[in-house]
Amino acid sequence: MTDRPPTALLDVEDLEVVLAAGATTGTVLDRISFSVDAGRTTGLIGESGSGKTMTAMALVQLLPAGARTAGHVWWREEDLLGARARRVRQVRGREIAVIFQDPLQALNPTQTVGRQIGEIPRRDGLSRDAVRAKVLELLDRVGIPDPEQRIDAYPHELSGGQRQRVMIAMALAGEPRLIIADEPTTALDVTTQARVLALIAGLREREGTALLLVSHDLRVMANVADDLVVMYAGRVAERGPARAVLDSPRHPYTRALANNVPSVRTRSAIARPLPGAPANPFDRPAGCAFHPRCPLVTDRCRTETPRLRELEPGRFSACHLAEEVTP
Amino acid sequence: MTVLEIRDLRVTYTGRGRRSVRAVDDVSLDVLPGETLALVGESGSGKSTIARCVMGLVRPQAGTITFEGQPLGPVDRRPASAQRGLQMVFQDPGSSLNPRMTVGAIIREAWRTHPAVAPAGDRAEALAAVLADVGLDAGVATRRPSALSGGQQQRVSIARALALAPRLLVCDEAVSALDVSVQSQILRLLVDLRREHELSVLFITHDLAVVRQIADRVAVMRSGELVEQLPADQLFTEPAHPYTRDLLRAAHQLEGAAFDSFDTDTSGEQVS
């Protein structure tokens, strides 16, 4: 752990998750390494099957039953991957909060939002009035209009955007140092998405909370991430500062992704689509998992799995030809 | 002649114990030959209800729908030529393809339903040709939808539609559920097929960035009403209606850029 950056709040080192599906097993996460710095937003991006959600869930041990893990999840000098379940539960919801994609499924339909947001303050032994005051303040902070009115509402009485704000308020109630948000705006309309993202970005600035944002949407990432981790078939393809990764990708997959994202600004996204479909970690191609779709493929790519290597300080790529990738 | 003409369409849903909701409120639209008309709006704007009326799956309270000069009723009262001339591609191919049938059987079934357009000669050859048209190998014919990727499944849905030589393709969020690298393949395919088969497309989506890639004209919906209708290029450079401007501004914001060339009203982007 000698080269661990001093500001890293969370340091993921060679994280591996093996799942069984019927008779076959799959290494769904294959030696994932990245770190999340305090006060920064790290984006975990990838398509279906890339392992982005699995990675996020592995950090707080919300994995499917029977999953086998290896590697380290360093959280402030403590390895969460080796920690007891009881200890992980203490960290989760307090030091690390999780916001899920679908608030309607994550919220309890039979309890008022005020009761759910107040759960941690109540467990901290705050008085009834103090809990209520704290919940009202949280509702106000996440931009719910008229908190006095909304505190006693049930989840189904709120709009999708308001429910997601309630989830964020719940996350903030424990005053976490890290928030993991899994596709927090995917289910929302575009005007609501923009507002919820502005809220999340604002939190980081005001509270210094670190954010790990999981998304398939490069547009969202370009907007809010400081650092990017690009995943493909359960491996890290590339990582580095978001601006640098998007402007001058060092992996052909990142480049294709950036060129294929439809934009309201140009009409060029469908000019040269990437062939094929995202690789499945249960049936990962030999060598580089991206090689069947890669325009730069060589014989070496078909047999030898590229390691994630540091090209320049802070920029990593898992491509044999990283130096030859042009924007 | 317009391919599809919608006049004064109105759909009202009555909720239990609640007042009724006008899902579609006096909407008139035309789809011209060979064009892609994008119907955009947020959830609840009524765009999918219009698609369902066009397909005859929802019966409007008022208004008319005319397809190539022929007035259209509910789907079971439509002449076979109108039924096959109008084909739909749904958002989720996984649930709109019969999981028990092979891809080949799915397409042959379409031909059995509409013998008028079934290939006269060797069906195996015709099947391979339809699959090739959507970029699939002939070998896919023996597989079931569950053995295919999301992108391949959506290609099968498009092949099933194309097998009936349609005049108008209605795509309801047809690429929304796909991974981005696959989404651009399917958009590319739709653009190519439209040209090769002289199709008109009614493309329903919530995503303005996708609209920019493929639409000729755009109709913007909000709460059941048609807000404005304009050429796609114009929507992205000089949207007229304040609501269209709000939508476009939000889309630009999501891409991390301020779009201020027409910035007169910023009320829509305040937090809360």
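Our structure is the block above this text.
The rules we used
Residues numbered from 1 in each chain as written. Chains lettered and ligands numbered in written order. Predicted model: local features only at pLDDT ≥ 70, side-chain atom pairs only at ≥ 80, totals over all residues. Heavy atoms only, no water. Helix = DSSP H or I, 4+ residues; strand = E, 2+ residues; numbered from the N terminus. Rg over C-alpha atoms; globule rule 2.2 N^0.38 Å. Buried < 20%, exposed > 50% of the residue type's maximum accessible area, 1.4 Å probe, protein only. Contact = heavy atoms within 4.5 Å. Expected span 1.5 Å × (residues − 1). Buried area = accessible area lost by both parts, 1.4 Å probe. Salt bridge = Lys/Arg side-chain N within 4 Å of Asp/Glu carboxyl O. 1 Å grid on protein atoms, 1.4 Å probe; cavity = no way out; pocket = protein on both sides within 12 Å on 5 of 7 lines; lining within 4 Å. Points joined across faces, edges and corners; volume = space filled by probe spheres on them. Pairing = 2+ DSSP bridges. Axes fitted to C-alpha atoms, helices over the stretch in contact; angles between N-to-C directions. Parallel < 35°, antiparallel > 145°, perpendicular 65-115°, else oblique. Left-handed = near helix turned anticlockwise from the far one by under 90°. Nonpolar A, V, L, I, M, F, W, Y, C, P; charged D, E, K, R; others polar. Phe/Tyr/Trp six-rings, centres within 6.5 Å; stacked < 30°, edge-to-face > 60°.

**Student:** Please provide a residue-by-residue account of the overall build of chain B, values included.
**Tutor:** Looking only at helices and strands, chain B features 10 helices and 10 strands. Relative to the 2.2 N^0.38 estimate, which gives 19 Å for 272 residues, the radius of gyration of chain B is 19 Å and therefore close to what a compact globule would have. When the backbone C-alpha atoms are referred to their principal axes, chain B occupies close to 60 × 40 × 40 Å. For chain B, with 272 residues in total, the buried portion stands at 55%. In chain B, of all internal contacts separated by at least 6 residues, the share reaching a separation of at least 24 is 64%.

**Student:** Give me helix α10 (residues 242–254) of chain B: which residues, what numbers.
**Tutor:** In a regular helix each residue adds 1.5 Å, so 13 residues correspond to 18 Å; α10 of chain B covers 18 Å between its end C-alpha atoms and thus fits that length. Of all 13 residues in α10 of chain B, 11 are buried, a share of seventy percent or more. Buried within α10 of chain B we find Tyr-243, Thr-244, Arg-245, Asp-246, Leu-247, Leu-248, Arg-249, Ala-250, Ala-251, His-252 and Leu-254 of chain B. Those residues of α10 of chain B that are buried lie in contact with α9 (190–207) and α10 (218–224) of chain A together with α8 (208–214), β9 (217–222), β10 (225–231) and α9 (232–237) of chain B.

**Student:** Got a sec to walk through the interface of chain B and chain A? Specific residues and values, please.
**Tutor:** Chain B puts 39 residues into the contact, and the matching count from chain A is 35 residues. With both chains or domains summed, chain B and chain A bury close to 3,400 Å², and 55% of this area falls on carbon and sulfur atoms. If you sort the residues of chain B by the area they bury against chain A, Gln-213, Leu-254 and Glu-255 of chain B come out on top, with a joint share of 22%. Across the contact surface, chain B and chain A share two salt bridges. With a shortest N-O distance of 3.1 Å, Glu-255 of chain B and Arg-265 of chain A are connected by a salt bridge.

**Student:** Lay out empty space enclosed by the protein with the relevant residues and their values.
**Tutor:** Summary: where empty space remains is shown by rolling a probe the size of a single water molecule over the atoms. All names here are of chain A. For the coordinates displayed, the defined rule picks out six cavities of 30 Å³ or more. For the largest cavity, the calculated volume is near 70 Å³. What lines the largest cavity is simply His-251, Pro-252, Cys-288, Phe-290, His-291, Cys-294, Val-297, Cys-301, Pro-306, Cys-319, His-320 and Leu-321.

**Student:** Outline the pattern of salt bridges, supporting the account with residue identities and numerical values.
**Tutor:** When charged atoms on two side chains of opposite charge get close, those side chains can pair. Residue and element names in this part refer to chain A. The full count for this structure, using the stated rule, is 29 salt bridges over all chains. One salt bridge in this structure joins Asp-247 and Arg-243, with 3.4 Å as the shortest N-O distance. With Asp-247 and Arg-243 both in helix α11 (residues 242–247) and four residues apart, this pair spans about one turn of that helix.

**Student:** Go over the sheet that holds strand β3 (residues 36–40) of chain B, please, and point to the residues and values.
**Tutor:** Residue and element names in this part refer to chain B. With respect to topology, six strands assemble into an open sheet ordered β6-β7-β8-β3-β9-β10, the strand pairing being mixed. The strands lining the two open edges of the sheet, one partner per strand, are β6 (86–89) and β10. If you compare each strand with its neighbour and ignore which way they point, the axes differ by 20° on average. Alignment of β9 against β10, held across six bridges, turns out to be antiparallel. Within β10, the residue paired with Val-218 across the bridge is Leu-230. Along the sheet face, helix α7 (residues 180–196) touches β3, β7 (168–172) and β8 (200–205) and points at about 155° away from the line of β8.

**Student:** Report on the packing of helix α6 (residues 150–162) of chain B against α7 of chain B, specifying residues and quantitative values.
**Tutor:** Angle between the axes and distance between the axes: these two values describe a pair of packed helices. All names here are of chain B. α7 packs onto α6 with a crossing angle of 15° between their chain directions and a minimal axis gap of 10 Å. Between α6 and α7, the angle falls in the class roughly parallel. In terms of crossing hand, the pair formed by α6 and α7 is right-handed. Contacts between α6 and α7 pair Gly-151, Gln-154, Arg-155, Ile-158 and Leu-162 from the former with Val-182, Gln-185, Ile-186, Leu-189, Leu-190 and Leu-193 from the latter. Looking at the contact of α6 with α7 residue by residue, the classes come out as seven nonpolar, three polar and one charged.

**Student:** Help me get a handle on the environment of Ala-286 of chain A, residues and values and all.
**Tutor:** All names here are of chain A. When you line up the elements, Ala-286 lands in the loop between α12 (252–260) and α13 (299–303). Linking Ala-286 and Thr-303, residues 17 residues apart in sequence, is a C-alpha distance of 5.9 Å. Aside from chain neighbours lying at most four places away, what touches Ala-286 is His-291, Cys-301 and Arg-302.

**Student:** Summarise unusual backbone geometry; cite the residues concerned and give the values.
**Tutor:** Residue and element names in this part refer to chain A. Backbone geometry at Asp-14 places phi at a positive 50°, although glycine is not the residue there. Tracing the backbone shows Asp-14 in strand β1 (residues 8–21). By relative accessible area, Asp-14 is classed as partly exposed at 38%. Unusually for a residue other than glycine, Gln-61 sits at a positive phi of about 55°. The exposure class assigned to Gln-61 is partly exposed, which follows from its relative accessible area of 29%.

**Student:** So what's going on with the pairing of strand β1 (residues 4–13) of chain B? Residues and values would help.
**Tutor:** Residue and element names in this part refer to chain B. Across seven bridges, the pairing between β1 and strand β2 (residues 21–31) is antiparallel. Bridge pairing in β2 places Leu-9 opposite Val-27. Summarising the sheet, β1 and strand β4 (residues 62–67) pair through five bridges and their orientation is antiparallel. Residue pairing for β4: Glu-5 is matched across the bridge by Thr-66.

**Student:** Provide a residue-level description of the packing of aromatic side chains, including the pertinent values.
**Tutor:** Residue and element names in this part refer to chain A. For the structure on display, the rule yields three aromatic pairs over all chains. Note on Tyr-232 and Tyr-253: the rings are 4.5 Å apart at their centroids and 55° apart in plane angle, and the pair reads as tilted. Of this pair, Tyr-232 sits in strand β9 (residues 227–232) while Tyr-253 sits in helix α12, and the two are 21 residues apart along the sequence. Grouping residues by exposure puts Tyr-232 and Tyr-253 together as buried.

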